[in-house]
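The primary structure of each chain is shown beneath.
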Amino acid sequence: MKNLDIIELVVKYKQYYITGIKITLLLSFLSLIIGGTLGALISLLRLSKVKFLRFIASVYIEVVRGIPMLVMISLVFFGSYVLSGIDINAFISTLIAVSLNSAAYVAEIVRSGIQSIDKGQTEASRSLGISQSQTMRHVIFPQAIKNILPALGNEFVTLIKETSVASTIGLAELMFASKTVQSASYQPFKPLVIVAIIYFILTFTLSQLIGLFERRLAHND
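**Things to note about unusual backbone geometry**
- Even without being glycine, Tyr-186 reaches a positive phi, approximately 60°.
- Assignment of secondary structure puts Tyr-186 in the loop between helix 8 (174-185) and helix 9 (190-220).

If you want it as structure tokens, here you go:
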């Protein structure tokens, strides 16, 4: 087998990497949407005046954050069939596991963002006859989002990298593409260099876009 250089490997096996990029980005984006929505709901439970709801939210956050992503994905992928007899494919299993994991971190991000808003604004809003839910939706949340945007951006970057563990259950994301190229080319190192460069390009580009969006928000203010 010819010892191909990095550029030749990219050209010859580009389809594997393109597929890996598509699946990685799609999985990360969907996980952020689902995890972000669930995390926002959990953060509201965490801030609830009902002690039982706060307890449930706190338990969820602590338990999920204490389980490594690889273990979470394996639990969903293998446990779904053992517990229910339903065979869930690798993509859906990873999406469920990553979303649940992300929700725990997003919940804390949102909670800290909400608590960073001066309580006087809530009191002023309520004194004007605005309901608690309307106050949260129209006064607190818009300001909190600006505060938590950098943290949410970092969470998206983290999701892109953490999806690499899904290769252990056969999901054809970037890391799985690297393993495939390693097997096909008999070169153990260069395919890893390629995938490392791709991850860097994805995360660096995303970080720059988030920074640009933050600056536009600041300018609008």
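**Quick notes on the packing of helix 2 (residues 14-46) against helix 7 (residues 132-162)**
- In contact at an axis separation of 11 Å, helix 2 and helix 7 are set at 140° when each is read in the N-to-C sense. Judged by the inter-axis angle, helix 2 sits oblique to helix 7. As helix 2 packs across helix 7, the resulting crossing turns out to be right-handed. For the pair helix 2 and helix 7, contact is made by Thr-24, Leu-25, Ser-28, Phe-29, Ser-31, Leu-32 and Leu-44 and by Met-136, Phe-141, Leu-152, Glu-155, Phe-156, Leu-159 and Ile-160, respectively.

**Details of the environment of Val-157**
- Locating Val-157 in the fold gives a position in helix 7.
- Once residues within four sequence positions are removed from consideration, Val-157 is found in contact with Thr-203, Leu-206 and Ser-207.

**Here's the deal with the layout of surface pockets**
- Taken as a whole, the largest pocket encloses approximately 530 Å³ of empty space.
- Those elements that provide at least two residues to the lining of the largest pocket are helix 5 (90-115), helix 6 (119-127) and helix 7.
- Looking at the lining of the largest pocket, the element that brings in the most residues is helix 7, giving five residues.
- Looking at side-chain class alone, the lining of the largest pocket contains six nonpolar, six polar and five charged residues.
- Looking at the second largest pocket, its volume works out to about 180 Å³.
- It is helix 2 that contributes the most residues to the lining of the second largest pocket, five residues altogether.
- Counted by class, the lining of the second largest pocket contains nine nonpolar, two polar and no charged residues.

**A closer look at the packing of aromatic side chains**
- Throughout the structure, instances matching the rule amount to three aromatic pairs.
- Seen in terms of ring centroids, Tyr-13 and Tyr-16 are 6.1 Å apart; in terms of plane orientation they differ by 35°. Their pairing is tilted.
- With relative accessibility at 8%, the residue Tyr-13 sits in the buried group.
- Ring geometry for Phe-200 and Phe-204: centres 5.5 Å apart, planes at 20°, overall stacked. Of this pair, Phe-200 and Phe-204 both sit in helix 9, four residues apart, which is roughly one turn of the helix.
- You can call Phe-200 exposed: its relative accessible area is 51%.
- The partly exposed category is assigned to Phe-204, whose relative accessible area is 43%.
- The ring centre of Tyr-105 lies 5.9 Å from the NZ or CZ of Arg-65, which sits over that ring.

Conventions used here
Residues numbered from 1 in each chain as written. Predicted model: local features only at pLDDT ≥ 70, side-chain atom pairs only at ≥ 80, totals over all residues. Heavy atoms only, no water. Helix = DSSP H or I, 4+ residues; strand = E, 2+ residues; numbered from the N terminus. Axes fitted to C-alpha atoms, helices over the stretch in contact; angles between N-to-C directions. Parallel < 35°, antiparallel > 145°, perpendicular 65-115°, else oblique. Left-handed = near helix turned anticlockwise from the far one by under 90°. Contact = heavy atoms within 4.5 Å. 1 Å grid on protein atoms, 1.4 Å probe; cavity = no way out; pocket = protein on both sides within 12 Å on 5 of 7 lines; lining within 4 Å. Points joined across faces, edges and corners; volume = space filled by probe spheres on them. Nonpolar A, V, L, I, M, F, W, Y, C, P; charged D, E, K, R; others polar. Phe/Tyr/Trp six-rings, centres within 6.5 Å; stacked < 30°, edge-to-face > 60°. Buried < 20%, exposed > 50% of the residue type's maximum accessible area, 1.4 Å probe, protein only. Lys NZ or Arg CZ within 6 Å of the ring centre and 35° of its normal.

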